[in-house]
Amino acid sequence: MQLTINGKARSFEENDFSVARLVQSLELTGKRLAIELNGEIVPRSQFEHTRLANGDKLEIVGAVGGG
Amino acid sequence: MSDLLKIADKTYHSRLLVGTGKYRDFAETRAAIDASGAEIITVAIRRTNIGQTAGEPSLLDFLPPEEFTYLPNTAGCYSADDAVRTLRLARELLDGHKLVKLEVLGDPNTLYPNMIETIAAAKILVKDGFDVMVYCSDDPIIAKQLEEIGCCAVMPLASLIGSGMGILNPWNLQIIIENAKIPVLVDAGVGTASDAAIAMELGCQGVLMNTAIAAARNPVLMAGAMKKAVEAGREAYLAGRMPKKLYSASPSSPTTGLIS
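Residues numbered from 1 in each chain as written. Chains lettered and ligands numbered in written order. Predicted model: local features only at pLDDT ≥ 70, side-chain atom pairs only at ≥ 80, totals over all residues. Heavy atoms only, no water.

Visitor: Before we go on, may I ask you to explain the environment of Lys181 of chain B in this structure?
Guide: Residues and elements named next belong to chain B. Take Lys181: it is sitting in the loop between helix H6 (170–179) and strand E9 (185–187). For Lys181, a relative accessible area of 73% gives the class exposed. Distance from Lys181 to Leu208, taken between C-alpha atoms, is 19 Å for residues 27 residues apart in sequence. The contacts of Lys181, once residues within four sequence positions are left out, are Lys144 and Glu147. (Helix = DSSP H or I, 4+ residues; strand = E, 2+ residues; numbered from the N terminus. Buried < 20%, exposed > 50% of the residue type's maximum accessible area, 1.4 Å probe, protein only. Contact = heavy atoms within 4.5 Å.)

Next up, the structure:
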């Protein structure tokens, strides 16, 4: 399955998995982040229940220093 | 004396709001913010580094959101759509947090705000339940419109972001302050402590700055200076300054009892 994450194309062997599984495989578990899937925010409470499909575009963001 | 800053129904002791960017490291960021006494700190929302962040410390480790009021910003956004998207992500990131700093830029060289896009974004965000502190030009009509839209604070620039040029148009700021029913804070352009004091003496409710502290030779020392300047300026404003006159025939020492 092909996903675009933060503007970069990435391939995954699995073909059907959840946002929670993606977060785990990216070693981001426990980090404070927010995720947008195809332009829509996925609430943290929905990570387990939200399935990803080939071609999905994700933005994964966090807080950084800024003025 | 109890003189609290009130923004969107929450009160704060400190009238100095600070950014968290441009510091050498997180330890220096933390030390400077402690010295500033700031309770509200701005953060930016950016893509997470994938695959190289495991175990790496984050800003939030040094500045726990339980300890400060986070003010997520839309720095780097050039359209209303991007700004709204960014702040919706921020709200999710910060567990439903509503207080945000809206800024929509118009030009990458000057970082001057695009007020047409800013107004469009403010309308959407207010309708969506955000408490919007809005960075804006020092145009009194625009500031009033932002208030009417429902923003909880207007934050006109003193001069351009990162310029350190100080307060270039105190007269416009004065008109904005006189007309406003919501807090007016100077955001951007402060270069040194006296600039912050002048902003407060004009009647601003607070000052927001980042570069003036972070780019000082000694940021922690400058953070302390800014804290004092904001407090001094506020007290001078409340005290009410003596009127200016060209000269005075009223010396401070008695005119009688002089030896002859």
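Visitor: How should the environment of Asn210 of chain B be read in this particular structure?
Guide: Mapped onto the elements, Asn210 of chain B comes out in the loop between strand E10 (206–209) and helix H8 (211–214). On the basis of relative accessible area, Asn210 of chain B is assigned to the buried category, the value being 10%. For Asn210 of chain B and Thr255 of chain B, which are 45 residues apart along the polypeptide, the C-alpha to C-alpha distance reads 50 Å. Excluding residues within four positions of it along the chain, Asn210 of chain B makes contact with Gly66 and Gly67 of chain A together with Gly19, Thr20, Gly21 and Tyr23 of chain B. At 3.3 Å, the side chain of Asn210 of chain B and the backbone nitrogen of Gly67 of chain A are in polar contact. Of note is the side chain of Asn210 of chain B, whose polar atom sits 2.8 Å from the backbone oxygen of Gly21 of chain B. (Polar contact = N/O pair within 3.5 Å; in protein donor to acceptor, adjacent residues only side chain to side chain.)

Visitor: What exactly am I supposed to notice about the layout of surface pockets here?
Guide: Where empty space is left can be seen by rolling a probe of water-molecule size over the atoms. Space inside the largest pocket adds up to approximately 550 Å³. Looking at the largest pocket, it is lined by 21 residues, and the ones nearest its centre are Lys31 and Ala63 of chain A together with Pro57, Ser58 and Leu59 of chain B. Ranked by residues supplied to the lining of the largest pocket, first place goes to strand E5 (residues 57–65) of chain A with 4 residues. Of the residues assigned to the lining of the largest pocket, the class counts are 7 nonpolar, 7 polar and 7 charged. Taken together, 24 residues line the second largest pocket, and the ones lying closest to its centre are Gly67 of chain A together with Lys22, Ile161, Asn210 and Thr211 of chain B. At the level of secondary structure, the elements contributing two or more residues to the lining of the second largest pocket comprise E10 and H8 of chain B. (1 Å grid on protein atoms, 1.4 Å probe; cavity = no way out; pocket = protein on both sides within 12 Å on 5 of 7 lines; lining within 4 Å. Points joined across faces, edges and corners; volume = space filled by probe spheres on them. Nonpolar A, V, L, I, M, F, W, Y, C, P; charged D, E, K, R; others polar.)

Visitor: Explain the side chain of Ser14 of chain B to me, please; I cannot follow it from the model alone.
Guide: All names here are of chain B. Within the secondary structure, Ser14 is located in the loop between strand E2 (10–12) and strand E3 (16–19). The class for Ser14 is buried, based on a relative accessible area of 12%. At 3.4 Å, the side chain of Ser14 forms a polar contact with the backbone oxygen of Gly37. With residues near it in sequence (within four places) discarded, Ser14 still touches Leu5, Gly37, Ala38 and Glu39.

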